[in-house]
Amino acid sequence: MRAGRGCSYDEVQPDGTIKTLRKYQSVGPSKGENAITKKQSESERDIFLAKLNASTIQVAEEKAAASGVALFGQVAKMHEDGYLSRENQVAKPTREKERFYLTAYIIPRWGKLRLNQIQPEAVEDWLHTTFDSWWTMHGVCAIMSRIFYYAEGHGLWEEGKRSPASKAKLGKKRHKFERQILSFEKTARVLARLEEPYKLVIETCIVTGARISEVLGLKWKHVNIDGATIKIEQRVWHQDVGRPKSEDSRRILGIGDLASRFREKATQEGARPDAWVFYQKRAPEKPLWDSGVRDAFHQAATDEGCDFPGLGPHSFRRANITWRQEVGGSALEASKIAGHSDLEMTGEYTFVAPERQNELTRRIQEKLAAAASSRNDKTTAPPQLPPGTPEVPPNLAEMDPVTTVPQ
């Protein structure tokens, strides 16, 4: 057994004499299945002494919080049972993603360590050796930081102290696939190959910039045909109907000329307010699966020779944000329409295609050429004479002036 630090106390012996003894506190086994390391035993010792030497329980708790002696795994469990279990605050896709990374990666690596034993360098090395994607590293880092923040809120981590995960350096931001979007011409060719209802789903994603989960979450009560708008109030993820990704995602979006297509669809189907706009043929009471839309879209893109890694309904969200700014919309307008919480995220989605770059480049070149032409015209033009000045013959104008010496 690993023993903690002993403390002295006096004990009365049977013969009446006083004998000073040292009392030891056992913190755990040093061998076997549940053996603890020397560092862990020292942490347990510090907890024991903090309680022993503290004047009150409150002081002991403050000392424990300042030293960060709580186990990371225990705090992670508290975080999962508390924050992640609140369905009205956290969307299901977010809950599922965080629980997956906690169970598969974070807890197995850091669960048995105390908060104060986790070092930024160790987190940084682990992230770079475990994950290939920069965005995955960023997401895992954020989950770990939320657990430290949760610990702070429960008095288990010093208030205002940064988490080790937030100090880890992820390096230059990079993308798994080359960032690209389809041109207008290629998009039109792919759309021409799609059948309904997949074509209208994709076109709605294109013109509104909505997520496919938001489009598939539409019911007819969310569609204002006369006003040519749709209202994003819910989303469908793996057939689970829930709240949008964030509060900013609740928004009204214009559908423009698609209103006539929605009107035609509503008339043909005898649309009811609570009926799904896009539903399964064999089960109209259920929303359409996004996998079917993706498969049809990829097949059409492949047939047109336009498919590429990363292409999908979500890539049209990037295209919509980009195109809105190309046709004169501001970044703020694009951000609000996309449902982003800040302009930085909108900047991540904005893609300047080579064609657009050349268009802007040629505009600059045209202005430079016009300026150069204007300068050349001014340089070669003859000087302007005052009105009434007699015209000088060309041969005299070319002669050197004669110097007159006064007599």
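Just above, that's the structure.
Note that the structure is a prediction, hence the values are computed from the model and not measured. (Residues numbered from 1 in each chain as written. Predicted model: local features only at pLDDT ≥ 70, side-chain atom pairs only at ≥ 80, totals over all residues. Heavy atoms only, no water.)

## Some words on unusual backbone geometry
Right, so step 1: Geometrically, the link from E196 to P197 is a cis peptide bond, its omega value of 5° lying close to zero.
Right, so step 2: In this structure, Q239 is a non-glycine residue whose phi angle is positive, near 70°.
Right, so step 3: Mapped onto the elements, Q239 comes out in the loop between β7 (235-237) and β8 (240-242).
Right, so step 4: Taking the relative accessible area as the measure of exposure, Q239 reaches 24% and is therefore partly exposed. (Helix = DSSP H or I, 4+ residues; strand = E, 2+ residues; numbered from the N terminus. Buried < 20%, exposed > 50% of the residue type's maximum accessible area, 1.4 Å probe, protein only.)

## A few points about the sheet that holds strand β6 (residues 229-232)
Right, so step 1: Strand order across the open sheet formed by three strands is β5-β6-β9, with antiparallel pairing between neighbours. Of all strands in the sheet, those with a lone pairing partner are β5 (223-224) and β9 (251-254), marking the two edges.
Right, so step 2: Judged from the four bridges that link them, β6 and β9 form a sheet pairing that is antiparallel. The residue bridging I230 from the neighbouring strand is L253, located in β9. (Pairing = 2+ DSSP bridges.)

## Observations concerning helix α5 (residues 120-130)
Right, so step 1: Those residues of α5 that sit buried are P120, V123, W126 and L127. Around the axis of α5, the buried residues are gathered within 130° of arc, so they sit on the same side. Pointing more than 90 degrees away from the buried face of α5 are the exposed residues E121 and T129.
Right, so step 2: Each element contacted by the buried residues of α5 is listed here: α4 (92-110), α6 (134-153) and α7 (164-167). (Arc of directions from axis to C-beta. Contact = heavy atoms within 4.5 Å.)

## Looking at the side chain of H222
Right, so step 1: Secondary-structure assignment places H222 in the loop between α10 (212-216) and β5.
Right, so step 2: Given the relative accessible area of 9%, H222 is considered buried.
Right, so step 3: Among residues more than four places away in sequence, those in contact with H222 are G217, T229, I230, K231, E233 and Q234.

## Digging into the environment of N320
Right, so step 1: Among the secondary structure elements, N320 is positioned in helix α13 (residues 313-326).
Right, so step 2: Look at N320 and you get buried, because its relative accessible area is 6%.
Right, so step 3: Note: C-alpha distance between N320 and T208 (112 residues apart in sequence) is 7.1 Å.
Right, so step 4: The residues contacting N320, other than those within four sequence positions of it, are I206, V207, T208 and G209.

## Some thoughts on the packing of aromatic side chains
Right, so step 1: Evaluated as defined, the whole model comprises twelve aromatic pairs.
Right, so step 2: The interplanar angle of 80° and the centroid separation of 5.6 Å between the aromatic rings of W126 and F131 together place this pair among those described as edge-to-face.
Right, so step 3: On the basis of relative accessible area, F131 is assigned to the buried category, the value being 6%.
Right, so step 4: Note that R109 overlies the ring of W110, its terminal NZ or CZ placed 3.8 Å from the centroid.
Right, so step 5: Directly above the ring of W276 sits K219, whose terminal nitrogen or CZ lies 4.7 Å from the centroid. (Phe/Tyr/Trp six-rings, centres within 6.5 Å; stacked < 30°, edge-to-face > 60°. Lys NZ or Arg CZ within 6 Å of the ring centre and 35° of its normal.)

## Let's talk about the nonpolar core
Right, so step 1: Residues V201, I202, W220, F262 and F278 are the most contacted members of the largest nonpolar core, which totals 41 residues.
Right, so step 2: Going through the elements one at a time, α8 (184-193), α9 (198-208), α10, β6, α11 (258-269), α12 (290-303) and α13 are the ones with two or more residues in this core.
Right, so step 3: A total of five residues in this core trace back to one element, the largest contributor, which is α9.
Right, so step 4: Filtering out sequence-adjacent residues up to four positions away, F278 remains in contact with P197, L200, V201, V215, L216, F262, K265, P287 and L288.
Right, so step 5: By size, the runner-up hydrophobic cluster in this structure holds 29 residues, among which are I106, W110, F148 and L170. (Core = buried A, V, L, I, M, F, W, Y, C linked by side-chain atoms within 4.5 Å.)

## Remarks on the pattern of salt bridges
Right, so step 1: For the structure on display, the rule yields 17 salt bridges.
Right, so step 2: With a closest N to O distance of 3.5 Å, K77 and D81 form a salt bridge. Here K77 and its partner D81 are both found in helix α3 (residues 72-81), four residues apart, which amounts to about one turn of the helix.
Right, so step 3: A relative accessible area of 46% places D81 in the partly exposed class.
Right, so step 4: Between D240 and R235 there is a salt bridge, with its nearest N and O atoms 3.7 Å apart.
Right, so step 5: Here the residues in one salt-bridge network are E185, R189, R193 and E304, joined through shared partners. (Salt bridge = Lys/Arg side-chain N within 4 Å of Asp/Glu carboxyl O.)

Structural measurements only, silent on function.
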